[in-house]
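# Reading the structure
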Amino acid sequence: MNINIKLNNRLFLIITHFVLVLGAISILWPFFWMISTAVKPTPEILRIPPQLIPSQLDWSHLTGVFRDVPMLRFFFNSILVASIGTIAILITSSLAGFIFAKYDFPGKKFLFFLILATLMVPVQLYMIPLYDIVLKFNLVNTYWGIIFPGIISSFGTFFLKQ
């Protein structure tokens, strides 16, 4: 009986690890293919059937991207917007979550229900009104025009209230 349980546990572990390795390969495969294709010469990129490992390394595609496109500026923009947005959401969500968790005030349940109801509204529905607001505040083509609409997160407020 005891040997049977050990065999079942070992078989379960083997199957679990096999499934996890397959999952990891399926997730990492597109990255491997992207890197492999980035260092292939152009004829090998278009070759049928595709070749996984390039016959010779060609770095001209990668150097061309950094030469022709301001990639460092794009990285800086992404880091700036993501950092400021994350900090703003942490501040607003933690303040609102604390208020909803610790204080009683009239209309608390209704307001919290309203916040939860906004989670059910698809983003596509309020994308144009948000653009109109950004346009009226003259924030189009600015960092604040990207950051401002996402400063308050109803999910963050719900999560931090819990």
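What comes next is a walk through the structure.

Conventions and cut-offs
Residues numbered from 1 in each chain as written. Predicted model: local features only at pLDDT ≥ 70, side-chain atom pairs only at ≥ 80, totals over all residues. Heavy atoms only, no water. Helix = DSSP H or I, 4+ residues; strand = E, 2+ residues; numbered from the N terminus. Expected span 1.5 Å × (residues − 1). Buried < 20%, exposed > 50% of the residue type's maximum accessible area, 1.4 Å probe, protein only. Contact = heavy atoms within 4.5 Å. 1 Å grid on protein atoms, 1.4 Å probe; cavity = no way out; pocket = protein on both sides within 12 Å on 5 of 7 lines; lining within 4 Å. Points joined across faces, edges and corners; volume = space filled by probe spheres on them. Patch = residues over 30% accessible without salt bridge, like charges linked within 9 Å, V, L, I, M, F, W, Y side chains within 5 Å. Areas by Shrake-Rupley, 256 points an atom, 1.4 Å probe, with all protein chains shown as cover. Salt bridge = Lys/Arg side-chain N within 4 Å of Asp/Glu carboxyl O. Polar contact = N/O pair within 3.5 Å; in protein donor to acceptor, adjacent residues only side chain to side chain. Phe/Tyr/Trp six-rings, centres within 6.5 Å; stacked < 30°, edge-to-face > 60°. Lys NZ or Arg CZ within 6 Å of the ring centre and 35° of its normal.

This next bit is on the environment of Pro50. Here Pro50 is to be found in the loop between helix 2 (42-45) and helix 3 (60-68). The spacing of Pro50 and Ile147 is 97 residues in sequence and 42 Å in space, taken between C-alpha atoms.

A rise of 1.5 Å per residue sets the reference length of helix 4 (residues 71-102), with its 32 residues, at 46 Å; its end C-alpha atoms lie 46 Å apart and thus fit the reference within 8%. Within the span of helix 4, buried status applies to Val81, Gly85, Ala88, Ser93, Gly97 and Phe100. Structurally, helix 4 contributes buried residues whose contacts are with helix 5 (108-118), helix 7 (143-147) and helix 8 (154-161).

Of the voids in this model, the largest pocket is the one considered here, and its volume is about 380 Å³. At the level of secondary structure, the elements contributing two or more residues to the lining of the largest pocket comprise helix 6 (123-136) and helix 8. Residue contributions to the lining of the largest pocket peak at three residues, all from helix 6.

The subject of this paragraph is a nonpolar patch on the surface. Taken together, the side chains of Val65, Phe66, Val69, Leu72, Phe74 and Phe75 define a hydrophobic patch exposed on the protein surface, amounting to about 570 Å² of accessible area. Mapped by element, the contributors of at least two residues to the nonpolar patch are helix 3 and helix 4. Broken down by element, the nonpolar patch gets its largest block of residues, three residues, from helix 4. Along the chain, Leu72 turns up in helix 4.

The next subject is the side chain of Lys108. Along the chain, Lys108 turns up in helix 5. You can call Lys108 buried: its relative accessible area is 17%. Reaching out from Lys108, the side chain makes a polar contact with the backbone oxygen of Tyr103 at a distance of 3.1 Å. Those residues in contact with Lys108 that lie beyond four places of it in its chain are Phe100, Ala101 and Tyr103.

Moving on: the pattern of salt bridges. Tallied over the entire structure, the rule returns two salt bridges. Salt-bridge contacts for Lys108 lead to Asp104; the nearest nitrogen and oxygen are separated by 3.3 Å.

The next point concerns the packing of aromatic side chains. Any aromatic ring pair is given by two values, namely how distant the centres are and how the planes are angled relative to each other. In the structure shown here, the tally under the stated rule is eight aromatic pairs. Pairing Phe100 with Phe105 gives two aromatic rings, centres 5.9 Å apart and planes at 50 degrees, and the pair type is tilted. Residue Phe105 is classed as partly exposed on the basis of its relative accessible area, which comes to 27%. Aromatic side chains Phe137 and Phe148 sit 6.0 Å apart centroid to centroid with 75 degrees between the ring planes, which places their arrangement in the edge-to-face category. Of this pair, Phe137 sits in the loop between helix 6 and helix 7 while Phe148 sits in the loop between helix 7 and helix 8, and the two are 11 residues apart along the sequence. What makes Phe148 partly exposed here is its relative accessible area of 37%. Through pairs of rings, three or more aromatic residues link up here, namely Phe100, Phe105, Phe112 and Phe158. When the ring centre of Trp33 is taken as reference, the NZ or CZ atom of Lys40 above it lies at 4.4 Å.

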